Amino acid sequence: MDAAAQLEEIIRSVGAQVGPAVVGVGQRPAHRGRHPGEHPGRRSGWGSTGVVVGEGRVLTNAHNVDGPETTVTFADGRGTPGQVAAADVDGDVAVLTVDTGDAPPVAWADEPTGLGTLVVALANPGGRGLRATLGFVSATDQTFRGPRGRRITGSIEHSAPLAHGSSGGPLLDREGRVVGLNTNRLRGGFYLALPADADLRARVEALGRGERPRRVHLGLALAPPHIARRLRDAVGLPDREGLLVRGVEEGSPAERAGLRRGDLVIAADGRPVPSAESLFSLLQELDAPGTLDLTVVRGTDEITVTLDVGAPPTDG
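The shown structure was predicted, so the numbers you read here are calculated from the model rather than taken from an experiment.

Caption draft 1: Just the overall build of the chain, in detail. Each helix and strand in the chain was counted, giving five helices and 19 strands. Relative to the 2.2 N^0.38 estimate, which gives 20 Å for 316 residues, the radius of gyration of the chain is 22 Å and therefore close to what a compact globule would have. Considering only C-alpha atoms, the chain reaches an extent of 70 × 40 × 40 Å along its principal axes. The buried share among the 316 residues of the chain stands at 48%. Considering only contacts in the chain between residues 6 or more positions apart, those separated by 24 or more positions represent 62%. Accessible surface for the chain amounts to roughly 14,700 Å². Of this, 49% is attributable to carbon and sulfur atoms. Separation of charge centres in the chain, based on 34 positive and 39 negative side chains, amounts to 6 Å.

What follows is the structure, encoded as C-alpha cells:
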C-alpha cells in the first residue's frame, strides 16, 4: 500500500470509528450565510460541533453555546435539546447534558501529542454532516485568549484544515483517540486545539457534574495602553502607562470597590500592569478568592481601591 492509500485508510478508519460521536451544536437558520465580519470560531447561525464524552454528556467550546439550552444533532440526524450542565468560559469549554442514545463516547489518548504527529480533525457543523481532514501537529504549548480575554496556554497547533463551525470537534490520533478539542482558528490556515490532558479531562468531569471552576473575577472591561494614551491625550491628561477601564460589570467586585469607566489601572498589588497580559498573569497566581489592591489614576489623582474578588458570576 502506497503512502496516499495509507493516509486515505487512516481518514476512513477514524471517521468510521469516531464519526458517530461527533455531533452538531446549534442550528443553521434557512437562507443565512456568514456575515463578512463574523469571527470564524464564534457561534453563529451556522452552528458548531461537539463530541460525546460519556453517556448523556457532550463536550464543546463555551463560545458555541449561548444560554442554558441548545440543539444537539447526532450523526443519524436526530436533533434534541441539550442543557448546559456547566461552562468554563475562561477556559472555553462546556459540557451539555443530552440524551446521547446509541452514540458511543470517544476514547482519550494516553500520551500527549508531539511535534509532527499525524492528526485527523472531525467536525459536524450544526449537524450538517461529518467532515474529516488530515494534518500534522505544527507546534505545541501555544497560547491564545479565551472569550473573556484570559490566556489559554498549552494548546496544540495543527495544519488540518477546518470549515467554519468546526470548533468543539475532536482532534484525533491515527488510532482514533482524542488528543485535543479544536477551538481557535489562526491566520494562515492553522488551528489551535485544547490538549486532551489530565487537566482538561478533570474539568470535563467536573463540568459534567455541574461544577464550575472558581477563578478570580474582577468585572472589568479594559482597553490596552495605546488606547488609554490616545484618549488621555485627547482630553489633555498627562501620559500614564496602564489599562483603561471601558466598562464595569454590574454587581461585580470592581463595581463594589467603586471603580468607574475612565479610570486607569496602573498597578495590581503593587506590581505595574503595563499590559493586559501582565494583569492576567497576576490573576492566574491568585488561586483562591481574596482581596486585590488596584492602583488607579482617576483624572490626575492616584488612588488605591481594594477589590473583594471571588468566583465569576453564573455564565448564561
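Back to the write-up after that little detour.
Caption draft 2: Summary view of the environment of Arg145. Here Arg145 shows up in strand β9 (residues 131-145). As for Arg145 and Gly56, which are separated by 89 residues in sequence, their C-alpha atoms are 29 Å apart. With near-sequence residues (within four places) excluded, Arg145 lies in contact with Arg150, Arg151, Ala276, Glu277 and Phe280.

Caption draft 3: Expanded view of the pattern of salt bridges. Taken as a whole and assessed by the stated rule, the structure comprises nine salt bridges. Taking the shortest distance from any N to any O, the salt bridge between Arg203 and Asp88 comes out at 3.0 Å. Residue Arg203 is located in helix α2 (residues 198-208), and its partner Asp88 is located in strand β5 (residues 79-88); the two are separated by 115 residues in the primary sequence. There is no split in this pair, since Arg203 and Asp88 are both buried. Arg203 is paired through a salt bridge with Asp199; the nearest N and O atoms lie 3.2 Å apart.

What counts, and where the lines are drawn
Residues numbered from 1 in each chain as written. Predicted model: local features only at pLDDT ≥ 70, side-chain atom pairs only at ≥ 80, totals over all residues. Heavy atoms only, no water. Helix = DSSP H or I, 4+ residues; strand = E, 2+ residues; numbered from the N terminus. Rg over C-alpha atoms; globule rule 2.2 N^0.38 Å. Buried < 20%, exposed > 50% of the residue type's maximum accessible area, 1.4 Å probe, protein only. Contact = heavy atoms within 4.5 Å. Areas by Shrake-Rupley, 256 points an atom, 1.4 Å probe, with all protein chains shown as cover. Lys, Arg positive; Asp, Glu negative; His and termini not counted. Charge placed at Lys NZ, Arg CZ, Asp CG, Glu CD. Salt bridge = Lys/Arg side-chain N within 4 Å of Asp/Glu carboxyl O.

Read these as spatial facts, not as claims about activity.
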